[in-house]
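Here is how the chains run, residue by residue.
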Amino acid sequence: QVQLVESGGGLVQAGGSLRLSCAASGRTFSSYGMGWFRQAPGKEREFVAAISASGGSTYSRTYYRNSVKGRFTISRDNAKNTVYLQMNSLKPEDTAVYTCASAKTSVVLSTPYEYDYWGQGTQVTVSS
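Residues numbered from 1 in each chain as written. Predicted model: local features only at pLDDT ≥ 70, side-chain atom pairs only at ≥ 80, totals over all residues. Heavy atoms only, no water.

## Some details on the side chain of glutamate 6
Note the following rule: Numbering of helices and strands starts at the N terminus; helices are DSSP runs of H or I of at least 4 residues and strands are runs of E of at least 2. Accessibility here uses a 1.4 Å probe with only protein chains present; expressed as a share of the type maximum, an area under 20% marks a residue as buried, one over 50% as exposed, and anything in between as partly exposed. As used throughout, the charge tally considers Lys and Arg to be positive and Asp and Glu to be negative, leaving His and the chain termini uncounted. When a carboxyl oxygen of Asp or Glu lies within 4 Å of a side-chain nitrogen of Lys or Arg, that pair is called a salt bridge. We call two N or O atoms a polar contact when they sit within 3.5 Å, provided that within protein one can donate a hydrogen and the other can accept it, with sequence-adjacent residues counted only if both atoms are side-chain atoms.
Its place among the elements puts glutamate 6 in strand 1 (residues 3-7). Buried within the structure, glutamate 6 lacks any salt-bridge partner; its nearest side chain of opposite charge belongs to arginine 45, at an N-O separation of 9.3 Å. Separated by 2.9 Å, the side chain of glutamate 6 and the backbone nitrogen of cysteine 100 make a polar contact. In this structure the side chain of glutamate 6 is engaged in a polar contact, spanning 3.0 Å, whose partner is the backbone nitrogen of glycine 121.

## Some thoughts on the sheet that holds strand 8 (residues 82-87)
Adjacent strands of a sheet pair through backbone hydrogen bonds, lying either parallel or antiparallel. What counts, and what does not: Should DSSP find at least two bridges between two strands, the strands are regarded as paired. Structural elements are reduced to axes, namely lines fitted to C-alpha atoms, with helices fitted over the stretch in contact, and the angle between N-to-C directions of any two is expressed from 0 to 180 degrees.
Taking strand neighbours across the sheet as the criterion, the 4 strands line up as 1-3-8-7 in an open arrangement whose pairing is antiparallel. Either end of the sheet is taken by a strand with one partner, and the two such strands are strand 1 and strand 7 (72-77). In this sheet, neighbouring strand axes are inclined to one another by 15° on average, regardless of whether the strands run parallel or antiparallel. Relative to strand 8, strand 3 (residues 18-25) is paired through 6 bridges, and the arrangement is antiparallel. Residue pairing across strands places alanine 23 opposite threonine 82, the latter belonging to strand 8.

This is a description of form; function is not addressed.
Next comes the structure, spelled out in structure tokens:
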């Protein structure tokens, strides 16, 4: 059974930073793309960032929603079965529950239906 467990959320002032972690178990982590999504109160879930499987190399493709480009960085450590989301220059509009997901394939994906396993989420609150 695949399990995804997020950590690292919290309360931070605008302009601050947080690093989210997502520990995965139950499947060959390095073979699958991983993504981060978020959902703010009263809003639909939206894509944040994704990273492809790295295969036999250290290189993985990444993809971001426009509003987080240059501020957020997604990375993965296959030895630790963990994907990270480094969030810098946080804004109040980044406030949401952030959830990691494991893709059905190895590629970079931005649509929720392409992911088959989801974590429980971690709250990120950015105060102004």
